[in-house]
Amino acid sequence: MLRDLDPLLHSQLRLAVVSILMSVEEADFVFLKEKTNSTAGNLSVQLEKLSEAGYIEANRTLEGRRTRTVCRMTEKGRQAFASYIDTLKDYLNVGK
Amino acid sequence: MEEKVLTEKESLELISQMIQATKKNRAVSPGKELLYWGYFTSILALTIYLLIRFTSSGIWSWGWMLMFVFWGFSFFVHKREKTVVTYIDKTIGQVWQVLGWMFVITFWVVAIFGAIYGREDFILMMPLSLLYCGLGISITGIIVREPWMIYPPLLSFTICFYMLQVLVISHYATNLWNLLFGLSFVVTYIIPGHIINKKSKVKC
C-alpha cells in the first residue's frame, strides 16, 4: 500500500521553498520570494508553517532599519524531503 | 505562485524547476571581488613604493596596514549583497576564513617576537601574504573550476620564495619588493578578474 504524501510538503509554495533550500546552504526572504514568484504575505505564512513543523530554521536579523529573514533546512526537514521524494517515486512507479 | 493541488508528476516538475532556478545563481563569478582586491592592492603597492622612493623613509611601509581596513570593509559590503548562500559559497568562505586567521596569527607572532627582541620588523608579512593570497585564489579556482584562478598564483609563489630566499641570505628587503607585490596582484587578481568577468558576460 502506498504511503500518503507529507501534506506539509505537498503544497505548491511550500514544496518550491523546500526544493530551493535543499539546493543551497541558506537563502533569504527576498531570494525565496523572487524565485517562487509569490507574494510576501503568502510566503510568510508558508515559511511559518514549515518553521513550526521544524522543517526549516528561520533567523531574523536587523540590518539597518529592515528585518532580514534567512532560512535554511533542518535535519528533520531534509529527512522529510527525502522521504517525500521516495514516496513520489513509489507513486510514479505504480502509475507505469 | 498560486496554491493548487499538485499531482505527483507536477511535484517532481516543480522540484526540478526550482533547482534549475537556483542553479542560475550558483554561477559563482568571483571576478568583481578579484578586481576590488587587485586594484586596491596594486595601487597601494605603487603608492608605497613611490612614497618610499621619493622620501627615503620606510615609515610608509605601515601603509600596508590599510589592507586590514579594506578587508573589514569588503567583508561588510559582501555580506550585505548576498541574498543566497550556496554550498560552494560556504566552502570558499571557510577557505578564506582560515587564510584570514593565518594573516592575523602571522601578524601577532611577528609583533610579539618583535616586541620581545626589541626589533619590530613586519617584512616577513610580505612573502607570507603572497603565499596566503595565492593559495586562497588557487583553492577558490579549484572549487569554482576556473583555470584562470588556479595557475596565475604560481607567480605569487615564485615571488614569495624569492623574497624568503633573499631574507635568508641577506636579511635585507628592498623597496622593489613593494613593486613585486603589486605586480603579483596584477597577474593573480586583476588579469583573471577581467577575464572571468568577460566570460560571465558572454554566458549571460
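All of these numbers come straight from a predicted model, not from anything done at the bench.

**Topic: the overall build of chain B**
Reasoning step 1: From N to C terminus, chain B includes eight helices and one strand.
Reasoning step 2: Each helix and strand of chain B, ordered N terminal to C terminal, gives the series α-α-α-β-α-α-α-α-α.
Reasoning step 3: Taking all 204 residues of chain B together, the buried fraction comes to 23%.
Reasoning step 4: Long-range contacts, defined here as pairs at least 24 residues apart, represent 74% of the contacts in chain B between residues at least 6 apart.

**So, the interface of chain A and chain B**
Reasoning step 1: With 24 residues of chain A at the interface, the matching set in chain B holds 21 residues.
Reasoning step 2: Among the elements of the structure, helix H1 (12–23), strand S1 (26–28), helix H2 (29–36) and helix H4 (75–95) of chain A are those that each provide at least two residues to the side of chain A that touches chain B.
Reasoning step 3: When its residues are assigned to classes, the side of chain A that touches chain B shows eleven nonpolar, eight polar and five charged.
Reasoning step 4: Here S1 of chain A pairs with strand S1 (residues 84–85) of chain B via two bridges, running antiparallel.

**So, the pairing of strand S3 (residues 66–73) of chain A**
Along any regular strand, the residues point their side chains to alternate faces of the sheet.
Residue and element names in this part refer to chain A.
Reasoning step 1: Note that S1 and S3 share two bridges and pair antiparallel. Residue pairing for S3: Asp28 is matched across the bridge by Val70.
Reasoning step 2: One ladder, built from eight bridges, connects strand S2 (residues 56–63) with S3; its direction is antiparallel. If you follow Glu63 over to S3, its bridge partner there is Arg66.
Reasoning step 3: Counted along the chain from S2 to the antiparallel partner S3, the turn is two residues long, and its residue Gly64 has a positive phi close to 70°.

**So, the sheet that holds S3 of chain A**
Reasoning step 1: With antiparallel pairing, four strands are arranged side by side in an open sheet as S2(A)-S3(A)-S1(A)-S1(B). Looking at the sheet topology across the chains shown, the edges are occupied by S2 of chain A together with S1 of chain B.

**Remarks on the nonpolar core**
Reasoning step 1: The biggest cluster of nonpolar side chains holds 25 residues, and the ones touching the most others in it are Val17, Val18, Ile20, Leu21, Ala27, Leu32 and Ile56 of chain A.
Reasoning step 2: For this core, the secondary-structure elements that each account for two or more residues are H1, H2, helix H3 (40–52), S3 and H4 of chain A together with helix H1 (8–26) of chain B.
Reasoning step 3: Counting residues per element, this core draws most heavily on H1 of chain A, which supplies seven residues.
Reasoning step 4: With residues near it in sequence (within four places) discarded, Ile20 of chain A still touches Ala27, Leu32 and Lys35 of chain A together with Met18 and Thr22 of chain B.
Reasoning step 5: Among the nonpolar cores identified, the runner-up in size contains 20 residues, and Ala45, Leu131, Met149 and Ile159 of chain B belong to it.

**Let's talk about unusual backbone geometry**
Residues and elements named next belong to chain B.
Reasoning step 1: One non-glycine residue, Ser56, lies in the positive phi region at around 55°.
Reasoning step 2: Here Ser56 is to be found in the loop between helix H2 (31–55) and helix H3 (66–81).
Reasoning step 3: Using a count of 8 C-beta atoms within 10 Å as the deciding quantity, one classes Ser56 as exposed.
Reasoning step 4: Unusually for a residue other than glycine, His171 sits at a positive phi of about 55°.
Reasoning step 5: For His171, the position within the fold is in the loop between helix H7 (153–170) and helix H8 (176–203).
Reasoning step 6: His171 gets classed as exposed once you count the C-beta atoms within 10 Å, which come to 9.

Rules of the game
- Each chain has its residues counted from 1, running along the sequence as written.
- Lettering of chains starts at A and numbering of ligands starts at 1, both following the order in which they are written.
- Residue-level local features of this predicted model are given only where pLDDT is at least 70; pairs of side-chain atoms are given and counted only at 80 or more, and the full residue set underlies all totals for whole chains, interfaces and linings.
- Strands are runs of DSSP state E lasting at least two residues, helices are runs of H or I lasting at least four, and both sets are numbered from the N terminus onward.
- Here a residue counts as buried when 20 or more other C-beta atoms fall within 10 Å of its C-beta, as exposed when 12 or fewer do, and as partly exposed in between; the C-beta atoms come from the backbone.
- C-beta atoms are placed from the backbone for every residue, and two residues are taken to be in contact when these atoms lie within 7 Å.
- Residues are grouped as follows: nonpolar covers Ala, Val, Leu, Ile, Met, Phe, Trp, Tyr, Cys and Pro; charged covers Asp, Glu, Lys and Arg; every other residue, Gly included, is treated as polar.
- Here a strand pair is declared whenever DSSP counts at least two bridges between the two strands.
- The term nonpolar core refers to a group of buried residues, namely Ala, Val, Leu, Ile, Met, Phe, Trp, Tyr and Cys, whose C-beta atoms join them within 7 Å.

On their own, these measurements won't tell you what the molecule is for.
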